[in-house]
Amino acid sequence: QVQLVESGGGLVQAGGSLRLSCVASGNMFNFYTMGWFRQAPGKEREFVAFISHDGSTTEYGYSAQGRWSISRDNAKNTVYLEMNNLKPEDTAVYYCNADQYYYSTYDKVYGGKAWGQGTQVTVSS
């Protein structure tokens, strides 16, 4: 089972930016579809974005469209989430997700099997 470790969360003012990183263990990273989800207190986990194994295809959830960008560096076993124009409603724990299957089957509700421990993002008004 791949291990995922997120970093880059923190406290930022509204309108600011953060870049989240997620490092995966093992030597199979370049086969995985990678995704980001988030969960705010009292709310269900929400799909943010995913990227195909080779980086050629990305898709974003409504909250991320036009503001954020997902990317990956397969040489570093790392996926990134660049978040710009942050809003207080973006406050949540952000989770990295890995799926061993092709991106066209990526489950945007439940994600793949592997999850990181999460990183807290807090946006102040």
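Scroll up to find the structure.
All figures in this text were calculated on a predicted structure; none of them were measured in a lab.

Asks: Residues and numbers for the pattern of salt bridges, please.
Replies: Per the counting criterion, the structure on display carries 4 salt bridges. Note that Arg 67 and Asp 90 form a salt bridge whose closest N and O atoms lie 2.8 Å from each other. Linking Arg 67 in the loop between β6 (58-60) and β7 (68-73) with Asp 90 in the loop between β8 (78-83) and β9 (92-99), this pair joins segments that are 23 residues apart in sequence. For Asp 90, a relative accessible area of 1% corresponds to the buried category. Sharing partners across several salt bridges, the network here consists of Arg 38, Glu 46, Arg 67 and Asp 90.

Asks: Describe in detail the pairing of β7, supporting the description with residues and values.
Replies: The side-chain alternation of β7 yields one buried face, formed by Trp 68, Ile 70 and Arg 72, and one unburied face, formed by Ser 69, Ser 71 and Asp 73. Summarising the sheet, β7 and β8 pair through 6 bridges and their orientation is antiparallel. Following the sheet pairing, Ser 71 is matched in β8 by Tyr 80.

Asks: Kindly report on the state of the cysteines, identifying the contributing residues and their values.
Replies: Joining two cysteines, a disulfide is a covalent bond between their sulfur atoms. Summed over all chains, the structure comprises 1 disulfide. Linked covalently through their sulfurs, Cys 22 and Cys 96 form a disulfide whose S-S length is 2.1 Å. The sign of the S-S torsion, about -80°, decides the handedness of the disulfide formed by Cys 22 and Cys 96: left-handed. Taken together, the residues span a long stretch of sequence, with Cys 22 in strand β3 (residues 18-24) and Cys 96 in strand β9 at a distance of 74 residues.

Asks: If you had to explain the packing of aromatic side chains to someone new, which residues and values would you point to?
Replies: Throughout the structure, instances matching the rule amount to 10 aromatic pairs. With centroids separated by 5.1 Å and ring planes inclined at 65°, the aromatic side chains of Phe 37 and Trp 115 adopt a geometry described as edge-to-face. With Phe 37 in strand β4 (residues 33-39) and Trp 115 in strand β10 (residues 114-115), this pair connects stretches of sequence that are 78 residues apart. Relative accessible area serves as the criterion here: at 0%, Phe 37 is assigned to the buried category. A relative accessible area of 26% places Trp 115 in the partly exposed class. Pairing Tyr 102 with Tyr 103 gives two aromatic rings, centres 4.6 Å apart and planes at 45°, and the pair type is tilted. Clustering of aromatic rings is evident, with ring pairs tying together Phe 37, Phe 47, Phe 50, Tyr 95, Tyr 102, Tyr 103, Tyr 106 and Trp 115. A cation over a ring is seen here: Arg 45 above Tyr 95, with NZ or CZ 4.2 Å from the ring centre. Over the aromatic face of Phe 29 sits the side chain of Arg 72, whose NZ or CZ is 4.4 Å from the ring centroid.

Thresholds applied
Residues numbered from 1 in each chain as written. Predicted model: local features only at pLDDT ≥ 70, side-chain atom pairs only at ≥ 80, totals over all residues. Heavy atoms only, no water. Salt bridge = Lys/Arg side-chain N within 4 Å of Asp/Glu carboxyl O. Helix = DSSP H or I, 4+ residues; strand = E, 2+ residues; numbered from the N terminus. Buried < 20%, exposed > 50% of the residue type's maximum accessible area, 1.4 Å probe, protein only. Pairing = 2+ DSSP bridges. Disulfide = S-S within 2.5 Å. Phe/Tyr/Trp six-rings, centres within 6.5 Å; stacked < 30°, edge-to-face > 60°. Lys NZ or Arg CZ within 6 Å of the ring centre and 35° of its normal.

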